[in-house]
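Tertiary structure, described
For reference, the chains in residue letters:
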Amino acid sequence: MTNEVTFPLISGNISIDLINTEVVRHGTRHDLLTKPEHVIAWFHTLTKENIILSQQFNMDIEDWAEGALPHLRELRSLLRESYENVADGIELSSDWVTDLELFIRQAPFTYQLIDDKLVLIPIGEPAKALVSLIALDALSLIDSGQLNSLHRCANPECVLLFIDTRGRRKWCSMKICGNRHKVTRHQQQKKKEK
């Protein structure tokens, strides 16, 4: 792949990481999941960071990335709308939970011991298995209460979401928006001093 895509994994939660495959650069929204090659790159990024394990899938990603793309985009759309509502203080609808449960039913789970760790293994075609894991993560965020700590980045041009349970974090990431804000503030300060 000549143009390598970099995915902002700022949450450690696969459902939020899926939403964060839409970013804003230079004032324009960019979709980082538009081709099967992007799905492959995102999958490898997730496995490299141990967010998912390749052993959770019964085929190589290269064989099913194209089929996964529309499922991922559909789920991302559902999650983005609901997660943004949560970040804005709007309650989730019960229909949303039902929709997530339907995604999971397409690839229910069994368990396997991998490296002395009990791992969920979705049963079914891999594209639906990945979506099932993402839907389960979203439901787990509700169950644990962490979804109540979901926030938007303080940069009004940024669309990334993150969880902050301490209530002190303002930026999606210091590397992404926090440093930009510091640099802009520093430059404005220097202009005032002149």
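Structure: see above.
Sequence positions are assigned chain by chain, starting from 1 and proceeding in written order. In view of the model being predicted, local features appear only for residues whose pLDDT reaches at least 70, and side-chain atom pairs are presented and counted only at 80 or more, with totals across whole chains, interfaces and linings using the full set of residues. Excluding hydrogens and water, the side-chain values take into account all heavy atoms of the structure.

What to know about the overall build of the protein chain
Numbering of helices and strands runs from the N terminus, with a helix taken as a DSSP run of H or I at least four residues long and a strand as a DSSP run of E at least two residues long. Tallying secondary structure elements over the protein chain gives 6 helices and 6 strands in all. Buried, partly exposed and exposed residues are distinguished by accessible area as a fraction of the type maximum, computed with a 1.4 Å probe on protein chains only: under 20%, between the cut-offs, and over 50%, respectively. Out of the 194 residues in the protein chain, the part that is buried amounts to 42%. In this description, contact between two residues means that some pair of their heavy atoms is separated by no more than 4.5 Å. Sequence-distant contacts, at least 24 apart, represent 59% of the contacts inside the protein chain between residues at least 6 apart.

Some points on helix α3 (residues 61-87)
An ideal rise of 1.5 Å per residue puts 39 Å on 27 residues; α3 reaches only 32 Å between its terminal C-alpha atoms. Of all the bends in α3, the greatest, near 50°, is centred on G67, and the proline P70 appears no more than four residues after it. In the stretch just after α3, G89 is the one whose phi turns positive, near 85°. To estimate how far a helix should extend, the number of its residues minus one is multiplied by 1.5 Å. Axes are fitted to the seven residues ending at a residue and to the seven starting at it; the angle between these axes is taken as the bend at that residue.

Here we look at the packing of α3 against helix α4 (residues 94-105)
The angle between the axes and the distance between the axes are what describe a pair of packed helices. As a rule, the C-alpha atoms of each element are fitted with a line to give its axis, helices using only the stretch in contact, and angles between N-to-C directions run from 0 to 180 degrees. Running from amino to carboxyl end, α3 crosses α4 at an angle of 155°, the nearest separation of the two axes being 11 Å. In terms of axis orientation, α3 runs roughly antiparallel to α4. At the point where α3 passes α4, the crossing takes the left-handed sense. On α4, the residues that touch E74, L75, L78, L79, S82 and Y83 of α3 are W96, D99, L100 and F103. These descriptions rest on fixed angle ranges, namely under 35 degrees for roughly parallel, over 145 for roughly antiparallel, 65 to 115 for roughly perpendicular, and the rest for oblique. Left-handed describes a crossing in which the near helix is turned anticlockwise from the far one by less than a right angle; the clockwise case is right-handed.

Regarding the pairing of strand β2 (residues 28-31)
One requirement defines pairing of two strands: DSSP has to find at least two bridges between them. Inspection of the sheet shows strand β1 (residues 22-25) paired to β2 by 4 bridges, in the antiparallel sense. Of the residues in β2, the one forming a bridge with V23 is H30. Remark: 2 residues form the turn of the hairpin made by β1 and β2, two consecutive strands paired antiparallel; H26 in that turn has positive phi of roughly 55°.

Brief notes about the packing of aromatic side chains
Ring pairs are drawn from Phe, Tyr and Trp, using the six-membered ring of Trp, whenever the two centres fall within 6.5 Å, and their geometry is named by plane angle: stacked under 30 degrees, edge-to-face over 60, tilted for the rest. In total, this model carries 4 aromatic pairs according to the counting rule given. A ring pair is formed by F43 and F57, whose centres lie 5.2 Å apart and whose planes are at 70°; its orientation type is edge-to-face. Of this pair, F43 sits in helix α2 (residues 36-48) while F57 sits in the loop between α2 and α3, placing them 14 residues apart in sequence. When its relative accessible area of 8% is taken as the criterion, F57 is described as buried. Ring geometry for F43 against W64: centres 5.6 Å apart, planes inclined by 85°, an arrangement best described as edge-to-face. Taken together, the residues F43 in helix α2 and W64 in helix α3 connect sequence positions 21 residues apart. Here F43 matches W64 in class, with each residue buried. These aromatic residues form a ring-pair network of at least three members: F43, F57 and W64.

Examining the side chain of E22
Locating E22 in the fold gives a position in strand β1. The class for E22 is buried, based on a relative accessible area of 15%. Pairs of N or O atoms within 3.5 Å make up the polar contacts considered here, provided that, within protein, one atom can donate a hydrogen while the other can accept it, and that residues adjacent in sequence are counted only when both atoms are side-chain atoms. A distance of 2.6 Å separates the side chain of E22 from the side chain of R80, its partner in a polar contact. Aside from chain neighbours lying at most four places away, what touches E22 is R29, H30, R76, R80, V159 and L160.

Some remarks on the pattern of salt bridges
Here, a salt bridge means any Lys or Arg side-chain nitrogen found within 4 Å of an Asp or Glu carboxyl oxygen. A full pass over the atoms with the stated rule returns 8 salt bridges. E22 is the partner of R29 in a salt bridge, and the nearest nitrogen-oxygen pair spans 3.7 Å. R29 gets classed as partly exposed once you look at its relative accessible area, which sits at 45%. Close ionic contact of E125 with K128 constitutes a salt bridge, the shortest N to O distance being 4.0 Å. Its relative accessible area of 23% is what places K128 among the partly exposed residues. Sharing partners across several salt bridges, the network here consists of E22, R29, D31, R73, R76, R80 and E84.

So, to be careful, I would describe these as geometric facts and stop short of saying anything about function.
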